[in-house]
Amino acid sequence: MRQVLGWLALAGLVVGLASAGCGKGDSGGEASSTGSSAQGGTDKKLVVGFSQIGAESAWRTANTESIKSEAEKRGIELKFADAQQKQENQIKAIRSFIAQKVDVIAFAPVVEEGWEPVLKEAKEAGIPVFVSDRRPAVPEDLYVTFIGSDFVKEGQMAAEWLAKKMDGKAVIAELTGTPGSAPANDRKKGFEEVLANHPDMKVVFSQTGNFTRAEGKQVMEALLKSDVGKTINALYAHNDDMALGAIQAIEEAGKKPGVDIIIVSIDGVKGAFDAMIAGTLNCTVECNPLLGPYLFDAIEKFKKGETLPKRIVIEDKFFDQTMAAQELPNRKY
Ligand code: GZL
């Protein structure tokens, strides 16, 4: 009898230890919510591969921070690749995500063209693709949804504000974004659509500054030394970083940015608000970079089987010097 009781006690001890063990995380620390569960690993972490364009502007930096912090907040495993502005690096990164069999691929296409082959590979591998920020020129069946601002509308808002400010009469220089990118194409398109109604608003110079402060400065320096540069009284920059570079060049040329040359740009980064308060920038059209929550909401809804719209538009608004000081404390990027 004593022997039977001994065996029963030992069995109880073994069962007790076993149940305590499987409730622990890998580290043996607190019970882990992502440990193997009775449902057979249904708590596995979502793995998302994200191909980012680069770190060319304050907008991009804020966008990257939003993606990374939101993934962390939601316990999502993020494989993040910075393409340094090169499409081939983005394509390499997407192929690597496919090889790693990630659950989801998301990317911000640096330019519109050239994505169909690699997105077809992702589709064949059964990996859903989400587009963040910029549009790729591909059939809609190659991605779940495209989350980003309406760049045509941003260009229209910039032109409408400038036409009002200049009473419909201006000689305009334009600093364009990365050639072939959706924001550069669309911001130009929207701006020109409005100018078509203002015959005395003329773009006499247009050149890319690649969305960077350094190139915006270089292009403006050269322009101000030219004959046509001496005629301009307005600047339209496709992003704030190029505008801030151009402002530096205008000052170094002995002119007053925001006064001799009225400047409107796009993004709404903090540096633009500082410049508006200083009087060197006149207006910025916001383009919200904080896309992390929108992206991971969409991914999580998709994984639950919800149907998503092909296009999720982020609303933007404009800010000029009259609003800058009041709005600055509210800025999150
Ligand atoms: C716009 C984004 C653009 C920003 C730039 O959504 O793609 O790229 O306007 C950034 O500042 O470099």
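Now for a look at the structure at hand. (Residues numbered from 1 in each chain as written. Predicted model: local features only at pLDDT ≥ 70, side-chain atom pairs only at ≥ 80, totals over all residues. Heavy atoms only, no water.)

So, on to the nonpolar core. Within the largest apolar cluster, 72 residues are counted, with the highest numbers of intra-cluster contacts made by Phe 130, Leu 162, Ile 172, Met 220 and Leu 295. Viewed by domain, this core spans two of them, domain 1 (43-149 + 289-314) and domain 2 (151-288 + 320-330), each represented by three or more residues. In contact with Ile 172, not counting residues within four places along its chain, are Leu 162, Phe 191, Leu 195, Met 201, Lys 202, Val 203, Val 204, Phe 205, Ile 232, Ala 234 and Tyr 236. (Core = buried A, V, L, I, M, F, W, Y, C linked by side-chain atoms within 4.5 Å. Buried < 20%, exposed > 50% of the residue type's maximum accessible area, 1.4 Å probe, protein only. Domains from an automatic or database assignment. Contact = heavy atoms within 4.5 Å.)

This part takes up the pairing of strand 8 (residues 234-237). Burial along strand 8 is two-sided: Ala 234 and Tyr 236 facing one way and Leu 235 and Ala 237 facing the other are all buried. The sheet contact formed by strand 6 (residues 170-176) and strand 8 spans four bridges and is parallel. Counterpart to Glu 174 in the pairing with strand 8 is Tyr 236. Across three bridges, strand 8 lies against strand 9 (residues 262-267) in parallel orientation. Residue Ala 234 lies in a different strand from strand 9, and its bridge partner there is Ile 262. Once you follow strand 8 into helix 8 (residues 240-252) and on to strand 9, the crossover reads as right-handed. (Helix = DSSP H or I, 4+ residues; strand = E, 2+ residues; numbered from the N terminus. Pairing = 2+ DSSP bridges. Right-handed = clockwise from strand over helix to strand, strands pointing away.)

The next subject is helix 3 (residues 87-99). The first and last C-alpha atoms of helix 3 sit 19 Å apart over 13 residues, in line with the 18 Å expected at 1.5 Å per residue. Regarding helix 3, the residues found buried are Gln 90, Ile 91, Ala 93, Ile 94, Phe 97 and Ile 98. Looking down the long axis of helix 3, one finds its buried residues gathered within 160 degrees of arc, a one-sided arrangement. Of the exposed residues in helix 3, those oriented more than 90 degrees away from the buried face are Lys 92 and Ala 99. Tucked into the core, helix 3 has its buried residues touching strand 1 (47-52), strand 2 (77-82), strand 3 (104-107) and helix 4 (116-124). Where helix 3 ends, the next residue or the one after it, Lys 101, has phi of about 55 degrees, a positive value. (Expected span 1.5 Å × (residues − 1). Arc of directions from axis to C-beta.)

Summed over the entire model, instances satisfying the criterion amount to 26 salt bridges. Note that Arg 60 is salt-bridged to Glu 56, the shortest N-O span being 2.8 Å. Its salt-bridge partner being Glu 221, residue Lys 217 comes within 2.8 Å of it at the nearest N-O pair. Here Lys 217 pairs with Glu 221, and both are found in helix 7 (residues 213-225), just four residues apart, close to one helical turn. What you see here is one network of salt bridges that share partners, running through Glu 70, Lys 73, Arg 74, Asp 297 and Glu 300. (Salt bridge = Lys/Arg side-chain N within 4 Å of Asp/Glu carboxyl O.)

Quick look at the sheet that holds strand 2 now. Within the open sheet, the six strands sit side by side as 2-1-3-4-5-11. Their pairing is parallel. At either end of the open sheet lies a strand with only one pairing partner, and these are strand 2 and strand 11 (311-314). The average undirected angle you get between the axes of adjacent strands in this sheet is 15 degrees. Running at roughly 160 degrees to strand 2, helix 2 (residues 58-73) makes contact with strand 1, strand 2 and strand 4 (129-132) of the sheet. (Axes fitted to C-alpha atoms, helices over the stretch in contact; angles between N-to-C directions.)

Let us look at the site of the ligand. Near the ligand you find 13 residues, and of these Glu 56, Asp 133, Arg 134, Arg 187 and Asp 267 are the closest. Contact between the ligand and Asp 133: an oxygen atom at 2.4 Å from a side-chain N or O atom of the residue. When the ligand sits alone it has 320 Å² of accessible area, and the protein chains cover 99% of it. Breaking the shell around the ligand down by element, the ones donating at least two residues are helix 2 and helix 6 (182-195). Among the residues making up the shell around the ligand, the classes are represented as five nonpolar, two polar and six charged. In terms of domain composition, the shell around the ligand takes at least three residues from each of domain 1 (43-149 + 289-314) and domain 2 (151-288 + 320-330). (Near = heavy atom within 4 Å. Polar contact = N/O pair within 3.5 Å; in protein donor to acceptor, adjacent residues only side chain to side chain. Areas by Shrake-Rupley, 256 points an atom, 1.4 Å probe, with all protein chains shown as cover. Nonpolar A, V, L, I, M, F, W, Y, C, P; charged D, E, K, R; others polar.)

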